[in-house]
Amino acid sequence: MRHEPDLGKATLDLRLAADRCPGPAQLLAELERRCLSLKLSSGGERIDALFTRIDEFAVLASDLIDAIALPAAIEPAMRRAFDVAHARLQAAFGAAEQVLTPLSQMLLTGKGFDEAVTAAAELMTTLAPIRSDVERLHQTLSRDLRMLLYPGACDAIEVRLVDAGFADPIRSARRLREWREGGPAALQRASEHHALDAVLPGLIDSLERFEDPDATLAALDEIVCRLPSEVELFAPFEARPSLMASLLGVLGHAPSLSRHLIAQPALIRRLIDSSAYAPLPLPGDLDAEFRLLLNDGERGAAQLRTAQAIDAYRFGLGLQLVEATADALDVAVSCCDLAEAGLRAMSDDVLARMKDTHGEVPGAELVILALGRFGGRALTSQSDLDIIYLFTGDYRAQSDGRKPLDANEYFSRVAQQITTAMSTVTTMGPLYEVDTRLRPWGAKGMLACSLETYDRYHQENAWTWEHMALTRARPVYGSDEARKAVRAIVNKRLRQPRDRATLLGDAVKMRSDIARHKPARGPFDVKLVKGGLVDLEFAVHVNQLGRHVGIHPRLRTAIRSQVSAGLIDPMMIEAHQILSRMLIVLRLLSPHDQDPAPERRAVIAQACGFGQWDELQAAYGQARVVVQESWAAAIADHAGQDG
């Protein structure tokens, strides 16, 4: 089996075993001989998958044996690939035994003597020496490669890290030695030092399973070195191994989420006491917490503390997503509720400070309209906040303070200050990216406008795409009366009569323009890929604007209404859920829109509600087919009625 030295020893003679074992070429020849015999055995077709994995392993072993003759050509990545093939082969052995064991046991108990049972028993007998050959070959080749790649690695920790597939075991070993010597402040207590010694072997075993163990350990090192001295980490690891698995899972599978811990190491407390797994507090509780933070001290510092508190909650929601302790769709709603609470707190604070200097505009109040994923209550970890600032009352009125402003200027300043507050730069970067380009006249228009101006603009000047954006409009700030007035304007525009041919022509052109100017960046660009969420949204929006059915900011509600009305394929409900979950999960775990790294696929599948990556892929493909057909049907249906 793989060499696992005692990490407490200082040195190790790597070459003693080389004189006692057969060479790798001899071991490979013996393995191939036994495998050929096994393939010719009766019943061998039952374990075809095992033969495939053995062949993969043998090919890599042969390549490495050839490469040993030219040591300069050997790279650490080759050894890592060999280790991965070995791990896959071990899993294949286990799967083969699950197939053969029940049949072979029937022969042992005398309950069956047919050819299949006998063949299974013979195969089981043959597998044991083959598995032994594999282990000896892997051990021998790993040892030889280690000596070639790292001839000076005789420290026990370095050797173990080499065995674990670290690309730079010397640097990683240096990190671990610094921990053991009590360098970081949090490791200067005897209890933590003792706990580190206890968990270190298991820690390296866990790191070995990650795609990039060096990077995962480096991220953990940043956290350990920045931990406050009073925070214990390794003692909780010793008491709860699952805690270590959770932390390493974040660092190894979700780099964007791990930045929260690196930027705010004290967040470890939320992981240790499990508060990170708690549901988001109720809106009233969030309002009280953020109000308290904003009222404590200088304005900039108060906004920063509030932003950090929001980031802490976002970390918890991301952790729940990674570990699949909450449905991705529910996490997206919670992310939206959190952003709304932050927006309410920042808006209240800005308005209070404006009142101190400029007074209030009589008969007017601020209303904030959310659009896009914010309006639809489906935020991902990377979503912008699409908002429009509006105000009630007469835009010609003036504020009543010691420095009066007209309404347009007053609320535009309010809007700018709220945008700045919601974009507060923390160690993680801007809290949110706030996008106000959907306001009337876009970047050329006032940052805030009156309801009267907004209504007139959408009646006289707005394009079809702007009315499509209104399908997900939702007031998120303002009094009940003000929100009601905004909803009335939105509903009036969404339900206005439209020329079907014009609507359809505009929709087709818009979708074509998006495909041309902003193509999908990869096969897992769930939004822009053909049959993705943009196609789904267009299919729904055409019915919302053309049929006035399913007018609701949440897509899931709109789709269900259109299904009930017979306007859209019932399978669109499931397609929307699959695509939405994938978008939410991939934005956190694999944001590059390409094929996710193999080591992350199981985590992604689980977070999306599937047991296996292959199952998720199949469901993704089916969902895209359903969406493409629904978009085509929406076009054909409208075209047919126009004709």
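Thresholds, definitions, all that
- Residues numbered from 1 in each chain as written.
- Predicted model: local features only at pLDDT ≥ 70, side-chain atom pairs only at ≥ 80, totals over all residues.
- Heavy atoms only, no water.
- Helix = DSSP H or I, 4+ residues; strand = E, 2+ residues; numbered from the N terminus.
- Expected span 1.5 Å × (residues − 1).
- Buried < 20%, exposed > 50% of the residue type's maximum accessible area, 1.4 Å probe, protein only.
- Arc of directions from axis to C-beta.
- Core = buried A, V, L, I, M, F, W, Y, C linked by side-chain atoms within 4.5 Å.
- Contact = heavy atoms within 4.5 Å.
- Salt bridge = Lys/Arg side-chain N within 4 Å of Asp/Glu carboxyl O.
- Pairing = 2+ DSSP bridges.
- 1 Å grid on protein atoms, 1.4 Å probe; cavity = no way out; pocket = protein on both sides within 12 Å on 5 of 7 lines; lining within 4 Å.
- Points joined across faces, edges and corners; volume = space filled by probe spheres on them.
- Nonpolar A, V, L, I, M, F, W, Y, C, P; charged D, E, K, R; others polar.
- Axes fitted to C-alpha atoms, helices over the stretch in contact; angles between N-to-C directions.
- Parallel < 35°, antiparallel > 145°, perpendicular 65-115°, else oblique.
- Left-handed = near helix turned anticlockwise from the far one by under 90°.
- Lys, Arg positive; Asp, Glu negative; His and termini not counted.

Participant: Where do I start with helix 1 (residues 24-39) in this structure?
Facilitator: Given 3.6 residues per turn, any residue in an α-helix points the same way as the ones three and four places further on. Here helix 1 contains 16 residues, and its C-alpha end-to-end distance of 22 Å stays within 8% of the 22 Å for a straight helix at 1.5 Å per residue. Of all the residues in helix 1, the buried ones are Pro24, Leu27, Leu28, Leu31, Cys35 and Leu38. End-on view of helix 1: buried residues confined to an arc of 100°, all on one side of the axis. Away from its buried face by more than 90 degrees, helix 1 exposes Gln26 and Leu36.

Participant: What is the right way to read the nonpolar core from this model?
Facilitator: Among the nonpolar cores identified, the biggest contains 159 residues, and Trp179, Phe234, Phe374 and Tyr389 are the most heavily contacted of them. The biggest single contributor to this core is helix 15 (residues 328-358), with 14 residues. Contacts of Trp179, omitting those with residues within four sequence positions, involve Pro184, Leu187, His193, Leu196, Leu203, Leu217, Leu220, Asp221, Val224 and Phe234. Residues Leu27, Ile47, Ile54 and Phe57 belong to the second largest nonpolar core, which totals 30 residues.

Participant: Whenever I open this one, unusual backbone geometry confuses me. Can you help?
Facilitator: Trans is the common state for peptide bonds, and a negative phi is the common state for residues other than glycine. For Ala324, which is not glycine, the phi dihedral falls at a positive 55°. Relative to the helices and strands, Ala324 resides in the loop between helix 14 (299-322) and helix 15. Using a relative accessible area of 30% as the deciding quantity, one classes Ala324 as partly exposed. Positive phi is not limited to glycine here, since Asp593 has a value of about 70°. By the secondary structure assignment, Asp593 is in the loop between helix 24 (571-589) and helix 25 (598-607).

Participant: Explain the pattern of salt bridges to me, please; I cannot follow it from the model alone.
Facilitator: Once their charged atoms are close, side chains differing in charge can pair, the charge on each being opposite to the other. Applying the stated rule across the entire model yields 32 salt bridges. The salt bridge partner of Asp168 is Arg171, with a shortest N-O separation of 3.7 Å. A relative accessible area of 46% places Arg171 in the partly exposed class. Between Arg581 and Asp327 there is a salt bridge; the shortest N-O distance is 2.8 Å. Of this pair, Arg581 sits in helix 24 while Asp327 sits in the loop between helix 14 and helix 15, and the two are 254 residues apart along the sequence. Accessibility expressed as a relative area gives 29% for Asp327, which makes it partly exposed.

Participant: Looking at this model, I keep getting lost on the environment of Arg624. Mind explaining?
Facilitator: Position of Arg624 among the secondary structure elements: in helix 26 (residues 613-642). Classification of Arg624 by relative accessible area gives partly exposed; the value is 21%. Put simply, Arg624 and Ile272 are 352 residues apart on the chain and 40 Å apart in space, counted from C-alpha to C-alpha. Dropping the residues within four chain positions of it, Arg624 is found in contact with Pro523, Val529, Lys530, Gly531 and Leu579.

Participant: I keep staring at the pairing of strand 1 (residues 366-371) and nothing clicks. Help me out?
Facilitator: Working note: regular strand, side chains alternate between the two faces of the sheet. Strand 1 sits mainly inside the fold: 6 of its 6 residues count as buried. Here strand 1 shows a buried face lined by Leu366, Ile368 and Ala370 and a second buried face lined by Val367, Leu369 and Leu371. Alignment of strand 1 against strand 2 (residues 385-391), held across 6 bridges, turns out to be antiparallel. Paired with Leu366 across the bridge in strand 2 is Phe391. As defined by bridge partners, strand 1 adjoins strand 7 (residues 474-477) across 3 bridges and the pair is classed as antiparallel. By the bridge assignment for strand 7, Ile368 is matched with Tyr477.

Participant: Just to check I follow, could you spell out the environment of Val84 for this structure?
Facilitator: Relative to the helices and strands, Val84 is located in helix 3 (residues 76-108). The spacing of Val84 and Phe57 is 27 residues in sequence and 9.1 Å in space, taken between C-alpha atoms.

Participant: Is there a simple way to think about empty space enclosed by the protein in this case?
Facilitator: Rolled over the atoms, a probe as big as a water molecule pinpoints where empty space is left. Under the counting rule described, the total for this entry stands at 2 cavities of 30 Å³ or more. A volume near 190 Å³ is recorded for the largest cavity. Around the largest cavity, the lining comprises 18 residues; the ones closest to its centre are Leu329, Ala378, Arg556, His576 and Ser580. Contributing elements (two or more residues each) for the lining of the largest cavity: helix 15, helix 22 (533-547), helix 23 (555-564) and helix 24. Class assignment for the residues of the lining of the largest cavity results in 7 nonpolar, 4 polar and 7 charged. Looking at the second largest cavity, its volume works out to about 40 Å³.

Participant: Help me understand helix 2 (residues 48-68) in this model?
Facilitator: In a regular helix each residue adds 1.5 Å, so 21 residues correspond to 30 Å; helix 2 covers 30 Å between its end C-alpha atoms and thus fits that length. Regarding helix 2, the residues found buried are Leu50, Phe51, Ile54, Phe57, Ala58, Ala61, Leu64, Ile65 and Ala67.

Participant: Quick question: what am I supposed to make of the packing of helix 1 against helix 2 here?
Facilitator: When two helices pack together, their arrangement is given by the angle between the helix axes and by the axis-to-axis distance. One can describe the packing of helix 1 onto helix 2 by two numbers: an axis separation of 11 Å at closest approach and a directional angle of 160°. Overall, the two elements helix 1 and helix 2 adopt an arrangement that is roughly antiparallel. For the crossing formed where helix 1 meets helix 2, the hand is left-handed. For the pair formed by helix 1 and helix 2, the contact residues are Pro24, Ala25, Leu28, Leu31, Glu32, Cys35, Leu38 and Lys39 on the first element and Phe51, Ile54, Asp55, Phe57, Ala58, Ala61, Ser62 and Ile65 on the second. Its residues assigned to classes, the contact of helix 1 with helix 2 shows 12 nonpolar, 1 polar and 3 charged.

Participant: Got a minute to help me understand the packing of helix 5 (residues 156-163) against helix 6 (residues 169-180) in this structure?
Facilitator: At their nearest, the axes of helix 5 and helix 6 sit 9 Å apart, and the two run at 130° to each other. It follows that helix 5 is oblique to helix 6 by the angle criterion. Of the two elements, helix 5 crosses helix 6, and the hand of that crossing is right-handed. Touching Ile157, Glu158, Leu161 and Val162 of helix 5 are Pro169, Ile170, Ser172, Ala173, Leu176, Arg177 and Arg180, all from helix 6. When the residues that make up the contact of helix 5 with helix 6 are grouped by side-chain class, the tally is 7 nonpolar, 1 polar and 3 charged.

Participant: How should the side chain of Asp214 be read in this particular structure?
Facilitator: Structurally, Asp214 can be placed in helix 8 (residues 213-226). Here Asp214 sits buried without a salt bridge, and the closest side chain of opposite charge, Arg175, lies 6.5 Å off (N-O distance). Discounting chain neighbours no more than four positions away, the residues touching Asp214 are Gly165, Phe166, Ala167, Asp168 and Ser172.

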